[in-house]
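# Topology and contacts: notes
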Amino acid sequence: MSFNELGLSEPLLKAVSKKGYTEPSPIQEKAIPLILEGKDVLASAQTGTGKTAGFTLPMLQILSEGPKLRKRPIRALVLTPTRELAAQVLENVKEYSKFLDIRSTVIFGGVNQNPQVRALRNGVDILVATPGRLLDLQNQGALSLAKIEILILDEADRMLDMGFLRDINKILALMPSKRQNLLFSATFSKDIKKLAKGFMYHPVLVEATPENSTVDVIEQKVYHVDKSRKTALIIKLIADGNWQQVLVFTRTKHGANRLCQKMERKGISAAAIHGNKSQAARTRALAGFKRGNVRVLVATDIAARGLDIPLLPHVINFELPNIAEAYVHRIGRTGRAGASGEAISLVSHDERAYLRDIERLVGEKLPNEIVEGFEPSDNPPPVKANNSRGRSSRKPRPKSGTGNRRNFNSRPRRYSSRKED
Ligand code: AMP
């Protein structure tokens, strides 16, 4: 299918072709016509599937076809869990609306609100926002949601995990009840379904097939190694492979900082991106990484969620996540848009239970290797008491009954139990 067949207008087709896209991704193919029809859409799609264009293109078309209002009240609201994602969505909105008379802006916390208030005062058609700052500015009278026609919740599961449910409900109460609702979420937990039921009108369910965008094209590997040798091993892998753009995941903010420092000492340029960094520092780190000035970006799960890093060849799990679903999100950063990628996990003795959880979730045993000179010792050091490892070792979960790796959406997510550090 081509973009022309989706019913998009000329200015949007021009913007799409300027981006170099030749055909719509599965989620775009399914969601765009439905959204253009004015339906409420509940979409299961994670980062890397092209979901942003999937809701942005039809939103722009609907807004550009509507009557021109003199004072430009906010007509579409995109809510995102994190500031990074908000900034990226706005970037997409700007690119796709290049040839349209549509104004957009973004607001999020952690930065001075004055420029945001000024931008709002000038009038915008589309507002991209994180919930906290949106409510702050609404309370101050800096914006009104009374004319919203389209509401989009992006990465809604993440929003719930981050405890935004109350804020979302407050925001819903500020909008007219007649509007179009779109909800994008990587997984459909019970909570997501409950949320959707509460505010959406006969939503149509669409799912992105992850085939060409995520798990299937990613070569996954596990290296068993002692915890104390992980830093040396990761440096060796990056140096020997001459990898120039690597995304590394650690479980903690301090771990991310420490690893960065050690890499820098070995002459590998690295930057950390996590919740303790200022917005400016995160943006700088990400921009440096995209430009190629920074070779290694070390991130925690929370900070990395929603980052738009196209065509990333290597993702390394310096530590496995304690929530198996986070693994799928992490490795979804590689092998995007059809390009192949490699996801490597460094697994120490104390992480074996996590590995079993992950293998159960993705429905396959991950190929494992031992690197010469990094053989794990037979007698691992005892696990620290406060380090409560893998619940599967204490209470085995019954097998899901499917060996289908696409079924990672079927289990309830447990991100809520997870915090950085
Ligand atoms: P998203 O899932 O929205 O984060 O998008 C993931 C990546 O895919 C981004 O870098 C987009 O620019 C890119 N992308 C979106 N739609 C397409 C498409 N139809 N063809 C190729 N790449 C796309």
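Criteria and thresholds
For every chain, the first residue of its written sequence is number 1, and the numbers climb from 1 along that sequence. This being a predicted model, a pLDDT of at least 70 is required before a residue's local features are given, and a value of 80 or more before pairs of side-chain atoms are given or counted; all residues contribute to the totals for chains, interfaces and linings. Side-chain metrics in this entry use all non-hydrogen atoms of the structure; hydrogen atoms and water are not considered. Note: two strands are recorded as paired if DSSP finds a minimum of 2 bridges between them. Secondary structure elements follow DSSP: runs of H or I of four or more residues count as helices, runs of E of two or more count as strands, with numbering from the N terminus. Here a residue-residue contact requires only that any non-hydrogen atoms of the pair lie within 4.5 Å. For helices, the fitted axis covers only the stretch in contact; all axes are lines through C-alpha atoms, and the angles between them, taken along N-to-C directions, range from 0 to 180 degrees. To form a nonpolar core, buried Ala, Val, Leu, Ile, Met, Phe, Trp, Tyr and Cys residues must be joined to one another through side-chain atoms within 4.5 Å. Burial classes: relative accessible area under 20% of the type maximum marks a residue as buried, over 50% as exposed, and values in between as partly exposed (1.4 Å probe, protein chains only).

This paragraph deals with the sheet that holds strand β14 (residues 368-369). In spatial order, the strands read β10-β11-β9-β12-β13-β8-β14; together these seven strands make up an open sheet with parallel pairing. Edge strands, defined here as strands with exactly one partner in the open sheet, are β10 (270-273) and β14. Bridging between strand β9 (residues 246-249) and strand β12 (residues 314-317) involves four bridges; their strand directions are parallel. Within β12, the residue paired with Phe249 across the bridge is Asn317. This element, helix α12 (residues 279-291), spans β9, β10 and β11 (296-299) of the sheet and lies at about 140 degrees to β11. Of the strands in this sheet, β8 (218-224), β9, β12 and β13 (341-347) touch helix α14 (residues 324-331), which is tilted by about 155 degrees from β12.

The next point concerns the nonpolar core. Among the nonpolar cores identified, the biggest contains 41 residues, and Leu57, Met59 and Ile126 are the most heavily contacted of them. Of the residues forming this core, the biggest block, seven residues, is contributed by helix α3 (residues 51-65). Here Met59 is in contact with Ala76, Val78, Val93, Ile126, Ile150 and Ile152, once residues within four sequence places are set aside. One finds Leu120, Leu153, Phe164 and Ile171 within the second-largest nonpolar core, a separate group that totals 33 residues.

In this fold, Gln28 is placed in helix α2 (residues 26-36). When near neighbours in sequence (up to four residues on either side) are disregarded, Gln28 contacts Phe3, Leu6, Pro33, Gly50, Ala53 and Gly54.

Let us now look at the pairing of strand β2 (residues 76-79). Neither face of β2 is open: one carries Ala76 and Val78, the other Leu77 and Leu79, and all of them are buried. As paired elements, β2 and strand β4 (residues 126-129) share four bridges and run parallel to each other. Paired with Val78 across the strands is Val128, a residue of β4. Alignment of β2 against strand β5 (residues 150-153), held across four bridges, turns out to be parallel.

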